[in-house]
Amino acid sequence: MKISIGQDEGVWTSEWDELTPDSEIRMWDYFGLRQWISKFTPRYGKTVEAGSGLGRYVLYFSRMGIDIEGVDFSGPVTDGMNKWTSDNGFNAKFVRGNVLNLDYPDNSLSGYISLGVVEHFIEGPQKALSEAYRVLKPGGVAVISTPSRSFYIIYRNLKTSVKNLIKKLILYRKQEVPFFQYWYRPSELKNFMKEAGFDVRIGRGADLQFVFCEMADFTDKYIHEGSFGYNFSNKHENGFLSTFGAQSITISVKRAPLMSCFLCGEMKAGEESLDNFVVPVCKECGEKKISGYYKKSAITAYSMPYKINPPLLHPEERTCDFCGCGYTSDPLFEDYGFSKKVCPSCLGKSDINITLCCENIKPVWRKRKKGLF
Ligand SMILES: [Zn+2]
Ligand SMILES: [Zn+2]
């Protein structure tokens, strides 16, 4: 039998042990799917990040006034995070739990986020995705990503299998590598979502930049500004070549005749709204300008090219671009990763944070652990 370490609590506790919430937050705005995650995380009702680890998105979205909880199966991680969040003034909660058997009632959540989690089950992602479907309310949105077989992974696997073949031929025994994760192409992840009952609204590849990062052994060798990798990933991230990116992302809805409206949270969005919108939107909200971001024809994209290793911003006095008030910038989230200045109170307003997430996202690449990058 193949040994699996993808589901080992000790492995993950020590994985997270090497990082701190501060270091995670410091690279929070790096993550290559932020444009999708921040746009499609519901602003109303409760959202859960299942398999949250140090939960940088849980912390980030709590700053946007989103009711969000992180679920992780490592007790030391959730205990440590709860202490850290209360010491640092965050309104976010971490719960110890199992993503295959969540402690939430049926039809109770507005959002379910899962970033690089479901590929770690040796038996496949089906059980975790069915559980996501169960806990979401009608109209609830699931934002699910897994690593994909990017052009680099395909190349690397090919190289390994040729090597293994040669070893076999000359009677070496193949070394058994313990199972850690699968890589799902966008079409495979889409099919798993459909099998779990979801209406997959968007399913595609993303994060070309990470491929160049992997190729250079997690250094910025191929992605520094002006390099081929930098230009290529900036140019093609929103085109069809992104299907060969490092990750697969799906935005899916639990479809029903009557659904929770993404823009007001009321259970009054009809199924016909999905003809025009990616997420359920009620008639009134469909009249509002902000609904335009969620039209099927609207694109989801970064607003500018990547910044590679920008210097950390120190807290400073600023004037909010939305209300004109003075405020001190956040020491951890700096400018919240936006190209506009926003005060904490405006950031908590859903129409403002949706606009920022759709029009002003500043993508960043940063070093993670000391020594790794
Ligand atoms: Zn509405
Ligand atoms: Zn303001």
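Predicted model only: the values in this text are computed from it and were never measured. (Residues numbered from 1 in each chain as written. Chains lettered and ligands numbered in written order. Predicted model: local features only at pLDDT ≥ 70, side-chain atom pairs only at ≥ 80, totals over all residues.)

**Some remarks on the overall build of the protein**
In terms of helices and strands, the protein carries 13 helices and 13 strands. Expressed as a percentage of the 373 residues in the protein, the buried residues total 41%. Look at the contacts in the protein between residues 6 or more apart in sequence, and 69% of them connect residues 24 or more apart. (Helix = DSSP H or I, 4+ residues; strand = E, 2+ residues; numbered from the N terminus. Buried ≥ 20, exposed ≤ 12 C-beta atoms within 10 Å, placed from the backbone. Contact = placed C-beta atoms within 7 Å.)

**With respect to the pairing of strand 1 (residues 46-50)**
Residues in a regular strand project their side chains so that they alternate between the two faces of the sheet. Within strand 1, four of the five residues are buried, leaving the element largely enclosed by the surrounding structure. Where strand 1 lies against strand 2 (residues 67-72), five bridges are found, and the strand directions are parallel. Note that in strand 2 the partner of A50 across the bridge is V71. The parallel pair strand 1 and strand 2 is bridged by helix 4 (residues 56-63), and the resulting crossover is right-handed. Here strand 1 runs beside strand 4 (residues 109-115); their pairing, made up of three bridges, is parallel. By the bridge assignment, T47 is partnered in strand 4 with G111. (Pairing = 2+ DSSP bridges. Right-handed = clockwise from strand over helix to strand, strands pointing away.)

**Description of the pairing of strand 3 (residues 93-96)**
As paired strands, strand 2 and strand 3 are joined by four bridges and run parallel to one another. If you follow V71 over to strand 3, its bridge partner there is V95. Remark: the strand 2/helix 5 (residues 75-87)/strand 3 crossover connection has right-handed handedness.

**Re the packing of helix 9 (residues 208-215) against helix 10 (residues 228-236)**
At a minimum axis distance of 8 Å, the contact between helix 9 and helix 10 shows a crossing angle of 160°. Relative to helix 10, the element helix 9 lies roughly antiparallel. In the crossing of helix 9 with helix 10, the sense of the turn from one axis to the other is right-handed. Each of L208, Q209 and F212 in helix 9 lies in contact with helix 10, whose residues at this interface are G229, F232, S233 and H236. Here the residues of the contact of helix 9 with helix 10 sort into three nonpolar, four polar and no charged. (Axes fitted to C-alpha atoms, helices over the stretch in contact; angles between N-to-C directions. Parallel < 35°, antiparallel > 145°, perpendicular 65-115°, else oblique. Left-handed = near helix turned anticlockwise from the far one by under 90°. Nonpolar A, V, L, I, M, F, W, Y, C, P; charged D, E, K, R; others polar.)

**Let's talk about unusual backbone geometry**
A positive phi angle, close to 55°, is found at N107, a residue other than glycine. Note that N107 resides in the loop between strand 3 and strand 4. The class for N107 is partly exposed, based on 16 C-beta atoms found within 10 Å. Even without glycine at this site, D207 takes up a positive phi of about 70°. Here D207 is to be found in the loop between strand 6 (199-206) and helix 9. D207 sits in the buried class, given 23 other C-beta atoms within 10 Å.

**With respect to the sheet that holds strand 4**
Strand order in the open sheet formed by seven strands is 3-2-1-4-5-7-6, and the pairing between neighbours is mixed. Each end of this open sheet is capped by a strand with a single partner; those strands are strand 3 and strand 6. Each strand of the sheet is rotated relative to its neighbour by a mean of 15°, with strand direction disregarded. Where helix 4 meets the sheet, its contacts fall on strand 1, strand 2 and strand 4, and the angle it forms with strand 2 comes to roughly 170°.

**Some words on helix 9**
In an α-helix, one turn spans 3.6 residues, which is why side chains three or four residues apart end up on the same side. Among the eight residues of helix 9, six are classified as buried, and the element is accordingly described as predominantly covered. Immediately beyond the C-terminal end of helix 9, within one or two residues, lies D217, with a positive phi of roughly 55°.

**Quick notes on the nonpolar core**
Membership of the largest hydrophobic core comes to 68 residues, with the highest contact counts inside it found for Y112, A132, V143, V279 and V281. Of the domains in this structure, domain 1 (31-51 + 99-301) and domain 2 (309-362) are the two that each give at least three residues to this core. Ignoring any residue separated from it by four or fewer positions in sequence, one finds V279 in contact with F40, V141, R201, V253, F262 and Y294. V211, F212, I223 and Y230 belong to the second largest nonpolar core, which has nine residues in total. (Core = buried A, V, L, I, M, F, W, Y, C linked by C-beta atoms within 7 Å. Domains from an automatic or database assignment.)

**Considering helix 8 (residues 186-195)**
Buried within helix 8 we find P186, L189, K190, F192 and M193. The arc that holds every buried residue of helix 8, seen down its axis, measures 160°, which confines them to one face. For helix 8, the elements touching its buried residues are helix 6 (126-135), strand 5 (136-147), strand 6 and strand 7 (247-253). Positive phi shows up at G197, right after helix 8, with a value of about 110°. (Arc of directions from axis to C-beta.)

**A short note on the environment of E334**
One can find E334 in the loop between strand 12 (326-328) and helix 12 (344-347). Residue classification places E334 among the buried residues on the basis of 21 C-beta atoms within 10 Å. It is 5.8 Å that separates the C-alpha atoms of E334 and L313, two residues lying 21 residues apart in sequence. Discounting chain neighbours no more than four positions away, the residues touching E334 are L313 and S329.

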